[in-house]
Structures are given as C-alpha cells and as structure tokens.
Protein chains: 2
Amino acid sequence: MSSKLRLGVLASGGGTNLQAIIDSCQDGSLDATIALVLTNNPDAGALERAHQAGIQTVCVNHRDFSKREDFDHAVVKSLQDAGVELVVLAGFMRIITQTFLDAFPLRVINIHPALLPAFPGLHVQQQAIDYGARFSGCTVHFVDSGVDTGPIIIQAVVPVYQDDTADNLAERILEQEHHIYSRAIQLIAEGRVHVDGRLVTIDPPCPPEAMALVNPGLDT
Amino acid sequence: MSSKLRLGVLASGGGTNLQAIIDSCQDGSLDATIALVLTNNPDAGALERAHQAGIQTVCVNHRDFSKREDFDHAVVKSLQDAGVELVVLAGFMRIITQTFLDAFPLRVINIHPALLPAFPGLHVQQQAIDYGARFSGCTVHFVDSGVDTGPIIIQAVVPVYQDDTADNLAERILEQEHHIYSRAIQLIAEGRVHVDGRLVTIDPPCPPEAMALVNPGLDT
C-alpha cells in the first residue's frame, strides 16, 4: 500500500466531480489515490469513468436492502475493505446516516453547489436565481448529521447573471467545483486541515487574494 | 429644484455610509442630491457630517412619541416636505413599518453587511465567523416588510480570513459598502433599476467580471 491518502468516492450519477479528482490524481496535483468508486446505481456514469481509469468499483444497490441500516453497513464494509481513509461524496444521492458517520468520523466530505449557508438542499441553482442573489458558488464541507450544515473547508464564489438559467449557473459553478474539491482533498492529504467545532483551520494558512467581487459591476 | 434624484438619508450612528454618499455626490460620480439627513438620535455623528456638507438635517426623536405610528408619520412628513424621492437607510436603528413603506413604495433601500440570504439580522460579521463561512460581503436591497429580505439590487463579496475578528471583517466589508451603496443609488437615478417580484433587473445590464474567488486560495 502506498503512503498516499486512500479515497473512496461515492457517486450516483455522471461523475464529473469524480473525473476531476481522477485527473488531479493523474496529473500529480493531488497526492491521493482512489481506492474505490462506490455507487448505489448500476447505471451510474461514474462506473465507466472509474473503469477507464483502472479504479476498483463496487455497486451497492439500495434496492437490494430492505433495511436502511443494512445498506449502510454494506457500504461501510466495502469502504473499509478497500482501506479507504477519506470518503468523498460526489453526487451520491443517498442520505448519509449516523451509522456511516460513526465509521468515518470527520472523514466524510461533500461538495454542494451553493455558497452555504445560503441555499442548502436541492435545486439550489434555481433557488439562487429565484431569490435574486447576485452571487452563488460551491462549498466543500465535512458531512455531519444535518443537511449541508457541516464545517466548511473551502468555498468558491461566482456571479449570478441576471439572464442566467439554472443550467448556465450550474455550469459556471461546476467549473469551480472541479477546482476546489481536489484542492480540499489535497489539503487533507497534507495534514493541514484542522477542525474545532464547526471552524476549519488550514495550517499553514493559504490566504485568498485580498480582493472583492461586485455584481452588477461598478462600470457602465 | 434640480432634476437630480432627491435622497433622504436616515442614520442613527456615525454615518460612514452617509459620508460615502456625500463624497460621491460631490465628486460627480453620483447624480443625486441629499435633500435631507434624518436621524432619531440627537447625538448621531451623521448630523455633524451633514452640517459640514451643508445638508439640511432633522432629528425626529422616537422618545418624543408614545405611539410608533406617530413617529412614523412624523418621519414620513419630514421626508415628504423635503421632496425626498428615494429613502436611503444608512445605519438607521429603527424598524421600518408598513406605514413608512406605503408612503415610499419600492423607494426605500438599505445596505446590509452580509451576503444575503446568508446572515440576516444583527451581529452579522460574528455570525459569519462563527459559522466558518469563507466568504461574506454586503447587499443593497429594497426594503420590504421582512428583516433583510427585500429584492437585491447589488452585492459585493469579500473573503473571510481564518484569523478574522468581527472588527477586521466589518472593516473589509465596509470598504465595499462605500462602493456599492452609491452605485445602487446611481443605477436608480439613471432609471435602470426594474423590480419584478423579488427579481431586480438592471437595464442595460452591467455584467460583473466573469471570474471567481476561492478561499482558501488555490496556491501553496
């Protein structure tokens, strides 16, 4: 076993965030290895991406389990058997239960396509547009027992244009997701991420550029 | 009476946002005139700033009124007597009632030192820090009957540093407040601000720079 951080990526869908992580592992910008891609959906595009990259996969179909707890135990066992150290949710459409979290304390992270605490839950790009928010973004956070409430590791912010559709905005946010998810994992791999209550500290810190964005713009 | 948009600025405190608006009027970047500065606090620093700039002031002390409605009527009458077309809240520490809003429909604006809908209410910089948010900012919005819920005209976003105090963060946000409040007023003065439900459209649009901010930064 290499000394690289061993990731278990959980995905239910197409897996573009999985692909970004695969790419970051391959280009060397992410010092981790994907030990397992796990899905609950036998048709997940993520499986094909994993196969292409030669990554071990497993499908734990929730329909095969009458009790939620049994599904969770099966997922946890697969991850443990693969020696997973960090669980990375990448569009995994099953709620994470306390059973799961107890098996990987502060070792489950998620990415959410909004600037939390604004717009948790589902259909978040449409939520942001309907609210008239001038900015949205994405958030990588540790998963806790709430919905999109866990301690925040990294965020990216993008403007919302007044003629945006949910699809346009989703695309703009997704581009940032692909940057920040690998970055968050790399910070964890480097042992620089410390959690105290709901505050996450990066040590040594990596300050953002000291700037601001304004929307609508200040010119014209 | 000039053809410039006539502002009534309501302030209870030191009035740094008032000062920014005065400066913008004087340097010509804001095509408006402050017809009246109104305060409920006889000791408000805003009064001195108005006097220095030769602006008419009035103090309507809420302690002189036994009924809230009477206070509101007095405030509205002062504004109407001064020919105020747009009411600008700049740290006015009294809740705006429906009586007031009915007198100035979609003509009352406020600035809030957070990126709404995140962190409404009070002590918002501390709220953002305690939540572990990586970004906060400020919002200029039309005032409706809710607390910090009205349609958003313009927002600015700034990073929150992991060693920020509420004071540090407030200072970083305040710098942006001074930019965006005058800008929002100017857009209204130009007749470019249109409200449909809770969506505010700028016509012609002034798109932001198409960029993103990430915090913690992507380097090092």
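Residues numbered from 1 in each chain as written. Chains lettered and ligands numbered in written order. Predicted model: local features only at pLDDT ≥ 70, side-chain atom pairs only at ≥ 80, totals over all residues. Heavy atoms only, no water.

**Comments concerning the environment of Val200(B)**
Take Val200(B): it is sitting in strand β9 (residues 199-202). Residue Val200(B) is classed as buried on the basis of its relative accessible area, which comes to 4%. Excluding residues that lie within four positions of it along the chain, Val200(B) makes contacts with Arg134(A), Gln162(A), Phe142(B), Pro151(B), Ile152(B), Ile153(B), Val193(B), His194(B) and Val195(B). (Helix = DSSP H or I, 4+ residues; strand = E, 2+ residues; numbered from the N terminus. Buried < 20%, exposed > 50% of the residue type's maximum accessible area, 1.4 Å probe, protein only. Contact = heavy atoms within 4.5 Å.)

**Some words on the interface of chain B and chain A**
Often, the extent of an interface is quoted as the loss of accessible area upon association of its parts. Residue-level contacts link 50 residues of chain B with 49 residues of chain A. On inspection of chain B and its partner chain A, the count reaches 0 salt bridges. The tally of links between chain B and chain A comes to 14 residue pairs in polar contact (both at pLDDT 80 or more). Of all the secondary-structure elements, those providing two or more residues to the side of chain B that touches chain A are α5 (124-131), β7 (152-159), α6 (166-189), β9 and β10 (213-215) of chain B. No other element matches β7(B), which puts 8 residues into the side of chain B that touches chain A. Among the residues forming the side of chain B that touches chain A, the class breakdown is 32 nonpolar, 10 polar and 8 charged. By the bridge criterion, 3 bridges tie strand β7 (residues 152-159) of chain A to β10(B) in an arrangement that is antiparallel. Bridged to Gln155(A) within β10(B) is Asn215(B). (Salt bridge = Lys/Arg side-chain N within 4 Å of Asp/Glu carboxyl O. Polar contact = N/O pair within 3.5 Å; in protein donor to acceptor, adjacent residues only side chain to side chain. Nonpolar A, V, L, I, M, F, W, Y, C, P; charged D, E, K, R; others polar. Pairing = 2+ DSSP bridges.)

**Notes on the relation of the copies chain B and chain A**
Of the transformation superimposing chain B on chain A, the axial component is 0.0 Å and the angular component is 180°, with the fit at an RMSD of 0.0 Å. Expressed as a symmetry operation, the mapping of one chain copy onto the other fits a two-fold axis. Relative to the rotation axis, the C-alpha of Ala118(B) is the closest in chain B, positioned 2.6 Å from it. (Least-squares fit on C-alpha atoms with pLDDT ≥ 70 in both.)

**Remarks on the packing of helix α1 (residues 16-27) of chain A against helix α6 (residues 166-189) of chain A**
All names here are of chain A. Two numbers describe how α1 lies on α6: the axes approach to 9 Å, and their chain directions differ by 50°. Relative to α6, the element α1 lies oblique. The chirality of how α1 crosses α6 is right-handed. Facing Thr16, Asn17, Ala20, Ile21 and Ser24 of α1, the residues of α6 in contact are Leu174, Glu177, His178, Tyr181, Ser182 and Ile185. In the contact of α1 with α6, the residues fall into 5 nonpolar, 5 polar and 1 charged. (Axes fitted to C-alpha atoms, helices over the stretch in contact; angles between N-to-C directions. Parallel < 35°, antiparallel > 145°, perpendicular 65-115°, else oblique. Left-handed = near helix turned anticlockwise from the far one by under 90°.)

**A few points about the sheet that holds strand β4 (residues 86-89) of chain A**
An order of β3(A)-β2(A)-β1(A)-β4(A)-β5(A)-β6(A)-β7(A)-β10(B) is seen for the 8 strands of this open sheet, with the pairing classed as mixed. At either end of the open sheet lies a strand with only one pairing partner, and these are β3 (57-59) of chain A together with β10 of chain B. Strand-to-strand twist across the sheet, computed as the mean angle between neighbouring axes with direction ignored, equals 20°. Alignment of strand β2 (residues 32-39) of chain A against β3(A), held across 3 bridges, turns out to be parallel. From the neighbouring strand, Thr39(A) faces β3(A), where its bridge partner is Cys59(A).

**Let's talk about the environment of Ser182(B)**
All names here are of chain B. Mapping Ser182 onto the fold places it in helix α6. A relative accessible area of 6% places Ser182 in the buried class. When the C-alpha atoms of Ser182 and Gly83 are compared, they prove to be 20 Å apart, with 99 residues separating the residues in sequence. Ignoring sequence-local partners within four residues, the contact set of Ser182 consists of Ala20, Ile21, Ser24 and Leu30. Side-chain polar atoms of Ser182 contact the side chain of Ser24, separated by 2.8 Å.

**Details of the confidence of the model for chain A**
Residues of chain A with pLDDT of at least 70 account for 98%, and the chain-wide mean is 93. In the predicted complex, the global pTM is 0.93; the interface-specific ipTM is 0.92. (pLDDT = per-residue confidence, 0-100.)

**Here's the deal with α6(A)**
Residues and elements named next belong to chain A. Its 24 residues give α6 an end-to-end C-alpha distance of 33 Å, which sits within 8% of 34 Å, the value for a rise of 1.5 Å per residue. A maximum bend of about 25° is found in α6 at Glu177. Immediately downstream of α6, the backbone of Gly191 shows phi near 70°, a positive value. (Expected span 1.5 Å × (residues − 1). Bend = angle between axes of the 7 residues up to and from the residue.)

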